[in-house]
Amino acid sequence: MKLYDTASGKPQDLSPIDGERFRFYCCGPTVYGPAHIGNFRTFILQDVLRRTLEIGGLHTYHVRNLTDVDDKTIKGAIAADIPLETFTQGWTEKFHADCAALNCLPPHDEPSAVAHIPEQIQMIESLVEKGHAYHADDGSVYFKISSFPEYGRLSKLDERELDLGRTQNERTSTADEYEKDSLSDFVLWKAHKEEDGAYFWESPWGKGRPGWHLECSAMIQKYLGDSFDLHSGGVDLVFPHHENEIAQSKCACDGEFANHWFHVTHLLVDGRKMSKSLGNFYTLGDLEEKGYSAMEVRYTLLGAHYRKPMNFTLDSLHAAREALGKLSRAIHEFQEEYGVREIPAFKDSCQEKDFGLFQDAWNILQFDLNTQACIGKVFAQLKRLKALSKSDAKDSWIGLNAVLHALGVRVPTFTPPTQVTIPPEITELAEKRAVAKAQKDWTTCDTLRDELKGQGWQVIDDKDGWQVKPL
Ligand code: AMP
Ligand code: ZN
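Residues numbered from 1 in each chain as written. Chains lettered and ligands numbered in written order. Predicted model: local features only at pLDDT ≥ 70, side-chain atom pairs only at ≥ 80, totals over all residues. Heavy atoms only, no water.

(A) Main features of the overall build of the protein chain. Looking only at helices and strands, the protein chain features 15 helices and 18 strands. For 471 residues, the compact-globule estimate of 2.2 N^0.38 gives 23 Å, and the protein chain sits close to it at 25 Å. Once the C-alpha set of the protein chain is aligned to its principal axes, its extents read approximately 75 × 55 × 40 Å. Put simply, of all contacts in the protein chain between residues at least 6 apart along the chain, 75% involve residues at least 24 apart. If you sum the accessible surface of the protein chain, you get close to 21700 Å²; carbon and sulfur atoms cover 49% of it. Here the protein chain contributes 53 positively and 71 negatively charged side chains, and the mean placements of these two sets differ by 6 Å. (Helix = DSSP H or I, 4+ residues; strand = E, 2+ residues; numbered from the N terminus. Rg over C-alpha atoms; globule rule 2.2 N^0.38 Å. Contact = heavy atoms within 4.5 Å. Areas by Shrake-Rupley, 256 points an atom, 1.4 Å probe, with all protein chains shown as cover. Lys, Arg positive; Asp, Glu negative; His and termini not counted. Charge placed at Lys NZ, Arg CZ, Asp CG, Glu CD.)

(B) Quick look at the pattern of salt bridges. Using the criterion set out here, one finds 21 salt bridges in the structure. Taking the shortest distance from any N to any O, the salt bridge between D13 and K2 comes out at 3.3 Å. Of this pair, D13 sits in strand β2 (residues 10-13) while K2 sits in strand β1 (residues 2-5), placing them 11 residues apart in sequence. Judged by relative accessible area, D13 falls into the exposed class, the value being 55%. Take K2: its relative accessible area is 31%, and that puts it in the partly exposed class. In this structure, E110 engages R64 in a salt bridge whose closest nitrogen and oxygen atoms are separated by 3.5 Å. Here R64 lies in strand β4 (residues 59-64) and E110 lies in the loop between α3 (84-101) and α4 (117-129), a separation of 46 residues in the sequence. Accessibility expressed as a relative area gives 24% for E110, which makes it partly exposed. A single network of salt bridges, built from pairs that share partners, joins D71, K190, D196 and R209. (Salt bridge = Lys/Arg side-chain N within 4 Å of Asp/Glu carboxyl O. Buried < 20%, exposed > 50% of the residue type's maximum accessible area, 1.4 Å probe, protein only.)

(C) Geometry of the coordination of the zinc ion (ligand 2). Coordination of the zinc ion (ligand 2) by the protein involves C27 (SG), C216 (SG), H241 (NE2) and E245 (OE), with metal-donor separations of 2.0 to 2.2 Å. Bound by four donor atoms, the zinc ion (ligand 2) shows angles of 79 to 128° at the metal and therefore irregular coordination geometry. Each donor residue of the zinc ion (ligand 2) lies on the same chain, and together they follow the pattern C-x188-C-x24-H-x3-E. Linking C27 in the loop between β3 (21-26) and α1 (37-55) with C216 in helix α6 (residues 212-224), this pair joins segments that are 189 residues apart in sequence. Grouping residues by exposure puts C27 and C216 together as buried. (Donors = N, O, S within 2.8 Å, 3.2 Å for Na, K, Ca; no water. Tetrahedral: all angles 85-135°; square planar, octahedral: opposite > 155°, others 65-115°.)

(D) Focus on the site of ligand 1. Every one of the 17 residues lining ligand 1 counts as a neighbour, but G38, T42, D236, L267 and M274 are closest to it. Take G38: an N or O atom from its main chain is 3.0 Å from a nitrogen atom of ligand 1. Between ligand 1 and T42 there is a distance of 2.7 Å, counted from a nitrogen atom to a side-chain nitrogen or oxygen. Sorting the residues of the shell around ligand 1 by element identifies α1 and β11 (230-234) as the ones contributing at least two each. No other element matches the four residues that α1 contributes to the shell around ligand 1. (Near = heavy atom within 4 Å. Polar contact = N/O pair within 3.5 Å; in protein donor to acceptor, adjacent residues only side chain to side chain.)

(E) Structural context of the environment of H242. Summarising the element assignment, H242 is placed in helix α7 (residues 238-252). For H242, a relative accessible area of 0% gives the class buried. Counting along the chain gives 215 residues from H242 to C27, while the straight-line C-alpha distance between them is 9.4 Å. When residues no more than four places from it in sequence are discounted, the contact partners of H242 are C27, L154, H231, S232, G233, L237, W261 and H263.

(F) Unusual backbone geometry, seen in detail. For the bond running from F239 to P240, omega is 0°, close enough to zero to count as cis. Structurally, the position occupied by P240 is in helix α7. Of note, the phi angle at F257 is positive, near 60°, even though the residue is not glycine. Phi at L369 takes a positive value of approximately 50°, unusual for a residue other than glycine. By the element assignment, L369 lies in the loop between α11 (359-366) and α12 (371-382). Since its relative accessible area comes to 0%, L369 is described here as buried.

(G) Inspection of the packing of aromatic side chains at higher detail. In this structure the tally under the stated criterion is 14 aromatic pairs. Taken together, a centroid distance of 5.4 Å and an interplanar angle of 80° make the contact between F334 and W397 edge-to-face. Highlighted residues: F334 in helix α10 (residues 314-338) and W397 in helix α13 (residues 390-407), separated in sequence by 63 residues. Looking at F334, the relative accessible area reads 2%, which means it is buried. Using a relative accessible area of 4% as the deciding quantity, one classes W397 as buried. Relative to W362, the ring of F355 has its centre 5.4 Å away and its plane inclined at 80°; by these criteria the two rings are edge-to-face. Here F355 matches W362 in class, with each residue buried. Through a chain of ring-to-ring contacts, three or more aromatic side chains come together here, namely F40, F43 and F95. Lying across the ring of F43, R64 places its NZ or CZ 5.3 Å from the centre. The aromatic ring of Y32 is capped on one face by K276, whose charged end is 4.1 Å from the ring centroid. (Phe/Tyr/Trp six-rings, centres within 6.5 Å; stacked < 30°, edge-to-face > 60°. Lys NZ or Arg CZ within 6 Å of the ring centre and 35° of its normal.)

(H) The arrangement of the packing of α6 against α7 in detail. Between α6 and α7, the least distance of the axes is 9 Å, while the angle of their chain directions is 50°. Of the possible angle classes, the one that applies to α6 and α7 is oblique. Our pair here, α6 against α7, has a crossing hand that is right-handed. Here α6 contributes W212, H213, L214, C216, S217 and I220 to the contact with α7, which in turn contributes P240, H241, N244, E245, Q248 and S249. (Axes fitted to C-alpha atoms, helices over the stretch in contact; angles between N-to-C directions. Parallel < 35°, antiparallel > 145°, perpendicular 65-115°, else oblique. Left-handed = near helix turned anticlockwise from the far one by under 90°.)

Function cannot be read off these values alone, since they describe shape.
Here's what the structure looks like:
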């Protein structure tokens, strides 16, 4: 399989360094609130990568961390007036429930920052010893970026014309996240401050807590060693987070760190990154409340190539519902026609298998994880499903299921449409909504949609206008 690598700027083959298991790390969530579907675009794409590798015959080892101590988690716990552990535990459970609903495979290991304080202290000690870090007058320990000439290679800082020598001098940053393009020695150990309340650990530099960037380096070393196959996150992590991880790990350890960098482009809303700070986000729960299923959300998030930004709209969820409905019907007819029923387990390699009509869809997924084109190819074949020989039908059945399994899409079971009578008052509400929509009066639109929902009906916009269906 080939995947674009951020560091080299080229698509590269993915094969395990140790020849056995493809070992990869994904920066996980900060558990201070619900993850939004922008976060899930990244987690779902990482899941598709893992599934595709596994179906392609590789064993994988997937590690994803939980950030359970940082500026935001501490602030949240103090505001909620509950212990940090209780606060982060609640949000971790919510995250796991959302992942399960979205059909994301759990990572093989999910270490948390709080559970790895000694490892982080040890890494700082090694950096101080080797002259890459210093204990500053404010009591915190900083990484000295001028001590690592490679700093900025991943994010191509030189092309962004930043004056590393001038700007880093005497400048330090204690914030867990700092502005793009502001270069500074970043914090490894944060001296305890009043606003951190009871949340501190003892260290050779006094009371404090680790800086955010450090946890990934320390946990990677523990779970994956000095060199491993692939590292991943959303594009916002390239700089400074991943740049800082590289600096810490390469200076403290002996290996090459990540062999491959996989970054997922942002999910946007009205052209801006979906983020908590902008307040323009939807959680899975928000969308479920509007009547959409987790699978419709997953399907929607696969609708653009991961290296292209994707603009999220509620209409795209309608389109996902329609597409899943079409797939459901096609699968039902396929099963009826050829008696193929059992869904293969995909525990063993399918490398040698012929995927029949879905070979192209599979191949395109193997080339830079093009989920959008893969889905397009699946749909292009659906109408050909009725004219297959028995043996071709078997291959295509395996192929279709392999592709859906790699995409992690569970197609709903087909239910034949039943004749429903729509009460006139429901039609009237839907008509009013259509008028509000035409006038771009979104508030009225949403109110009417909710009113319909309250009465057990959903309104679906399609290319011919709208229709109402029972929920
Ligand atoms: P966080 O919990 O903020 O640390 O983010 C978890 C993951 O979601 C990281 O890999 C981020 O890069 C990624 N992420 C954050 N916002 C978006 C977005 N709008 N689109 C895609 N990925 C995102
Ligand atoms: Zn990380």
